[in-house]
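Notes for the structure review
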Amino acid sequence: MTDQTFEYTRQDASGASCTAHAWAKVPAPLTSDQRQALKARAAALLKERNAVLVAHYYVDGDLQDLALETGGIVADSLEMARFGRDHASQTLVVAGVRFMGESAKILSPGKTVLMPDLDATCSLDLGCPPDDFAAFCDAHPDRQVVVYANTSAAVKARADWMVTSSCALAIVRHLKDQGQKIIWAPDRHLGRYIQQETGADMLLWNGACIVHDEFKGTELELLKEEHPHAMVLVHPESPEAVVKLADVVGSTSQMLNAVVNGTATEYIVATDNLIMHRMRQLAPGKTLIEAPTAGNAASCKSCAHCPWMAMNALQGVIDCLESGSGEIHVEPDLGLEAKRCIDRMLDFVAANPSALAPKVQGLVRGIGAA
Ligand code: SF4
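Below is a short write-up of the structure. (Residues numbered from 1 in each chain as written. Predicted model: local features only at pLDDT ≥ 70, side-chain atom pairs only at ≥ 80, totals over all residues.)

1. Description of the overall build of the chain
- Counting secondary structure elements, the chain contains 17 helices and 15 strands.
- Within the chain, counting contacts between residues at least 6 apart in sequence, those at least 24 apart form 66% of the total. (Helix = DSSP H or I, 4+ residues; strand = E, 2+ residues; numbered from the N terminus. Contact = placed C-beta atoms within 7 Å.)

2. Thoughts on the packing of helix 4 (residues 77-86) against helix 5 (residues 98-107)
- Between helix 4 and helix 5, the shortest axis-to-axis distance is 9 Å and the interhelical angle comes to 35°. Crossing of helix 4 against helix 5: the hand is right-handed. Within the contact between the two elements, helix 4 uses Ser77, Met80, Ala81, Gly84 and Arg85 and helix 5 uses Met100, Ser103, Ala104 and Leu107.
- Taken together, the residues that form the contact of helix 4 with helix 5 break down as five nonpolar, three polar and one charged. (Axes fitted to C-alpha atoms, helices over the stretch in contact; angles between N-to-C directions. Left-handed = near helix turned anticlockwise from the far one by under 90°. Nonpolar A, V, L, I, M, F, W, Y, C, P; charged D, E, K, R; others polar.)

3. Here's the deal with the site of the ligand
- Near the ligand there are 13 residues, and of these Cys122, Ser123, Cys209, Val211 and Cys306 occur at the shortest range.
- The set of elements that each furnish at least two residues to the shell around the ligand consists of helix 6 (123-126) and helix 15 (307-310).
- Classifying every residue of the shell around the ligand by side-chain character gives 10 nonpolar, two polar and one charged. (Near = placed C-beta within 6 Å.)

4. As for the environment of Cys341
- Structurally, Cys341 is set in helix 17 (residues 332-351).
- Dropping the residues within four chain positions of it, Cys341 is found in contact with Lys156, Ala159, Asp160, Trp161 and Met162.

5. Digging into the packing of helix 9 (residues 168-177) against helix 10 (residues 188-198)
- Orientation of helix 9 relative to helix 10, taken along the N-to-C sense of each, is 55°, at an axis distance of 10 Å. Of the possible angle classes, the one that applies to helix 9 and helix 10 is oblique. Relative to helix 10, the crossing made by helix 9 is right-handed. Side by side, helix 9 and helix 10 meet where Ala168, Leu169, Val172, Arg173 and Lys176 of the first sit next to Leu190, Ile194, Glu197 and Thr198 of the second.
- Classifying every residue of the contact of helix 9 with helix 10 gives five nonpolar, one polar and three charged. (Parallel < 35°, antiparallel > 145°, perpendicular 65-115°, else oblique.)

6. Remarks on the nonpolar core
- Leu53, Val54, Val93, Val94, Val146 and Leu233 are the most contacted members of the largest nonpolar core, which totals 114 residues.
- Setting aside residues no more than four positions away along its own chain, Val54 makes contact with Ala67, Gly72, Ile73, Met80, Phe83, Gly84, Leu92, Val93, Val94 and Ala104. (Core = buried A, V, L, I, M, F, W, Y, C linked by C-beta atoms within 7 Å. Buried ≥ 20, exposed ≤ 12 C-beta atoms within 10 Å, placed from the backbone.)

7. Some points on the sheet that holds strand 12 (residues 266-270)
- Here four strands make up an open sheet; going across it, the order is 11-10-12-13 and the pairing parallel. Across the chains shown, the open sheet's two edge strands, defined by having one partner strand only, are strand 11 (248-249) and strand 13 (287-290).
- Note: strand 10 (residues 231-234) against strand 11, two bridges, orientation parallel. Pairing of Val234 across the sheet is with Val249, part of strand 11. (Pairing = 2+ DSSP bridges.)

Set out below in structure tokens:
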């Protein structure tokens, strides 16, 4: 079995600290009255413009509530794109990060896709520049190219398969059974986890999520000692030392289902902490504990929240609906190329419903299937 890592250390293609830019754009906290007023204005605009709000689990709780109260959805990236594609509305407001807006546009090229802030991006997307990735793929033409959803349209256009964290294992197993060798990008932790679970021959791109990469194994062990009965839920974008301590390793939807359906009363959660907003709503009696990161220091900020997700705000929803700002454009030919690998995954999941963890399927309203 080949186990090679493609060394790629650059996080920000411009060389700048893009997370500092993101934190600087995160809106200041609002009073309760201000929040209610903005929420009412955003709800009225969604109705006026016949638009639907499609929000990720990691965005601000007010945005999650607004989505659910106005007929939209709170979900993971794949379910967001599918919901947007299947919804009658011709205008989608995507509260999340840019690749989610792009995926929505790729699956719904005829619709208008707006985002509260187009600068909201993702370290996995930034860490996988299309030209470098294409050169890497060209150097290994004998391999199937499997990319995670957290990539640009241009990277998807170069891929054979797109996967999300809840169907990645099944699709890689399927490829291995066919005797295929694989290029995996961009998340190295998720790639390593899948490689270990499947034994597939995978070349891994060296990207990482700046949020999940911050979770610490030693500190988590100490926290487990303080809460010996807590169930530990870990997203597989986390480092190996953290994944090893998990009771459940899974996607956002799978973690949510584990809390809702689990028998434990305490849960340690290793993913973006805003998923707890939805967990609290769906499992109000359970105690949720944030998995440990390095915390904040003078020169850096380590926390379980994504700065780009944090840029999404009620005012941004209002602004994009009022002015049409923040519109996502994907060049049509590129969109068609990128759509191939997404459709391949959707077809695989439709034909192999058992590819998804059984606990994910349809047990809780509003939880996506991938
Ligand atoms: S939480 Fe990580 S994977 Fe998700 S958008 Fe932020 S940087 Fe990307």
